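Geometric and topological summary
Listed below, chain by chain, are the residues.
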Amino acid sequence: MTCTVVVCGFFGDTGKGKVISHLSLKDEIAVTARAGVGPNAGHTVIYKDKNYKLRMLPSAFVYDECRLLMGPGVLVNPEILLQEIQITESKDRVGVDRQCAVIESKHIEADKKGNLAEKIKTTGTGTGPCNADRALRTAKLARDIPELKEFLTDVPFEVDEAIKEGRNVLIEGTQGTYLSLFHGTYPYCTSKDVTASAACSDVGVGPTKVDEVILVLKAFTTRVGAGPLPNELSWKEAEKKGWAEVATVTGRRRRSAPFNYKLAKRAVMLNGATQAAVTKVDILFPECKGVDSYDELSKEAIAFIQEIEKRIEIPVTLIGTGPGALEMVDIRDSPR
Ligand code: IMP
Ligand code: MG
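Residues numbered from 1 in each chain as written. Chains lettered and ligands numbered in written order. Predicted model: local features only at pLDDT ≥ 70, side-chain atom pairs only at ≥ 80, totals over all residues. Heavy atoms only, no water.

1. Observations concerning the pattern of salt bridges
- Counting across every chain of the model gives 18 salt bridges.
- Here Arg-332 ties to Asp-27 by a salt bridge, and the two come within 2.8 Å at their closest N and O atoms. With Arg-332 in the segment after β14 (328-330) and Asp-27 in the loop between α1 (16-26) and β2 (31-34), this residue pair connects regions lying 305 residues apart in the sequence.
- Notably, a salt bridge pairs Lys-280 with Glu-245, separated by 2.6 Å at the nearest N-O pair. Taken together, the residues Lys-280 in the loop between β12 (275-279) and α10 (281-284) and Glu-245 in the loop between α8 (235-241) and β11 (255-258) connect sequence positions 35 residues apart.
- Among the residues examined, Lys-280 registers a relative accessible area of 32% and is labelled partly exposed.
- Where salt bridges share partners, they join Asp-13, Lys-218, Glu-245, Arg-254 and Lys-280 into one cluster. (Salt bridge = Lys/Arg side-chain N within 4 Å of Asp/Glu carboxyl O. Helix = DSSP H or I, 4+ residues; strand = E, 2+ residues; numbered from the N terminus. Buried < 20%, exposed > 50% of the residue type's maximum accessible area, 1.4 Å probe, protein only.)

Pasting the structure below:
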């Protein structure tokens, strides 16, 4: 049984939601713990003809036996969380750590003006100002909020129990390696580290407990907000290629560029990744849409995957062929 961390190797929006929903169903994940910054994340999960856009709840909710936890490093917006609990009908299996800091309206207001809005072009969801208050030791915690009372728990303890019992555990990172406050494109980045080590710290899991780190990459690169994006395409060019995407949380246009091998390789190093997922392969190779076995991938798609493996020096074990949770070639157990 394994403890797996899932993180993004680019600038977010690589399809972690889809990869995690696939893993939760396939591996019957017993406990998942959401790491990352907070509701600035937007994860799209498509399962059984339903399209969920999640900002707080773990994407593993689609496996209905899975316990859904929010680690103490994650910022909680109670209104958004309660809404998502309702939409996903997951009330009985959600746990929020007592020490999660809570986003208030003053944080959202501060995130929508000045340097953050105008220069950095943040998501405006209040996460930066809330993390600043947390560092100043003035932020409210989940344990202070009556509406969260019924969900309060000790997340590190629950995760540790699950690991000790030999159950499958998933740690869900958010954002992306190059949005990290430490390793990203500062100042155009988010308000804390978001690599695999930070994800573990967010949920209170020590590094020796982790078995696998899955690095999620997309077949092309995108980023929203300001900051460098090497080899960026115009919106027109992106539309032509089918790379023109709109952000889940803010509705802004995502900027796009070809797959970046150099960034991917460095992300393997920064995250200690043991395997990679490459999503949206069907956008580059439409003949692969919906394929779920390696043999059915086209020669061109296989050559692309092999080139990635050669250059990032870890195996690509998950290949996304469509937006649905199960549109995935999963070769984790079948050596080629
Ligand atoms: P903040 O995290 O809202 O402070 O925004 C800082 C930068 O990170 C902005 O460029 C955002 O667009 C970007 N960002 C934050 N979260 C995500 C995410 O989940 N996906 C993609 N970009 C994000
Ligand atoms: Mg996203």
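2. Description of the site of ligand 1
- Every one of the 17 residues lining ligand 1 counts as a neighbour, but Asp-13, Asn-40, Thr-123, Thr-190 and Arg-252 are closest to it.
- At a separation of 3.4 Å, a nitrogen atom of ligand 1 approaches a polar side-chain atom of Asp-13.
- At a separation of 3.2 Å, a nitrogen atom of ligand 1 approaches a polar side-chain atom of Gln-175.
- In isolation ligand 1 exposes 470 Å². Once the protein is present, 97% of that is buried.
- The site holding ligand 1 turns out to be the largest pocket. (Near = heavy atom within 4 Å. Polar contact = N/O pair within 3.5 Å; in protein donor to acceptor, adjacent residues only side chain to side chain. Areas by Shrake-Rupley, 256 points an atom, 1.4 Å probe, with all protein chains shown as cover. 1 Å grid on protein atoms, 1.4 Å probe; cavity = no way out; pocket = protein on both sides within 12 Å on 5 of 7 lines; lining within 4 Å. Sits in = over half its atoms within 2 Å of the grid points.)

3. Notes on the sheet that holds strand β1 (residues 3-8)
- Strand order in the open sheet made by the 10 strands is β7-β6-β5-β2-β8-β1-β9-β12-β13-β14, with mixed pairing throughout. Every other strand in the sheet has two partners, leaving β7 (152-153) and β14 as the edge strands with one partner each.
- Pairing between β1 and strand β9 (residues 212-218): five bridges, direction parallel. The residue of β9 that forms the bridge with Cys-8 is Val-216.
- Strands in contact with helix α6 (residues 155-164) are β1, β2, β5 (67-70), β6 (94-97), β7 and β8 (169-172); relative to β5, the strand with the most contacts, it is inclined by about 140°. (Pairing = 2+ DSSP bridges. Contact = heavy atoms within 4.5 Å. Axes fitted to C-alpha atoms, helices over the stretch in contact; angles between N-to-C directions.)

4. Regarding the coordination of the magnesium ion (ligand 2)
- At the metal site, the magnesium ion (ligand 2) is ligated by Asp-13 (OD) and Gly-42 (O), and these contacts range over 2.0 to 2.3 Å. A residue pair is termed long-range when its members are at least 10 positions apart, and Asp-13 in the loop between β1 and α1 and Gly-42 in the loop between β2 and β3 (43-47) qualify at 29 residues. (Donors = N, O, S within 2.8 Å, 3.2 Å for Na, K, Ca; no water.)

5. Topic: the packing of aromatic side chains
- Under the criterion given, the structure shown has seven aromatic pairs.
- Across the ring face of Tyr-261, the terminal group of Arg-311 is positioned such that the distance to the ring centre comes to 3.9 Å. (Phe/Tyr/Trp six-rings, centres within 6.5 Å; stacked < 30°, edge-to-face > 60°. Lys NZ or Arg CZ within 6 Å of the ring centre and 35° of its normal.)

6. Re α1
- Counting buried positions along α1 yields 10 of 11 residues, so the element is predominantly enclosed.
- Inspection of α1 places Lys-16, Gly-17, Lys-18, Val-19, Ile-20, Ser-21, His-22, Leu-23, Ser-24 and Leu-25 among the buried residues, and these make up the whole buried set.
- Looking one or two residues beyond α1, the residue adopting positive phi is Glu-28, at roughly 45°.

7. Observations regarding the side chain of Asp-111
- Secondary-structure assignment places Asp-111 in helix α3 (residues 105-111).
- One buried charged residue, Asp-111, forms no salt bridge at all, with the nearest opposite charge on Lys-112 at 8.2 Å.
- Here the side chain of Asp-111 touches Thr-122 through a polar contact of 2.8 Å, side chain to side chain.
- Beyond its immediate stretch of four places on either side in the chain, Asp-111 contacts Leu-116, Ala-117, Thr-122, Gly-124, Thr-125, Gly-126, Thr-127, Gly-128 and Pro-129. (Lys, Arg positive; Asp, Glu negative; His and termini not counted.)

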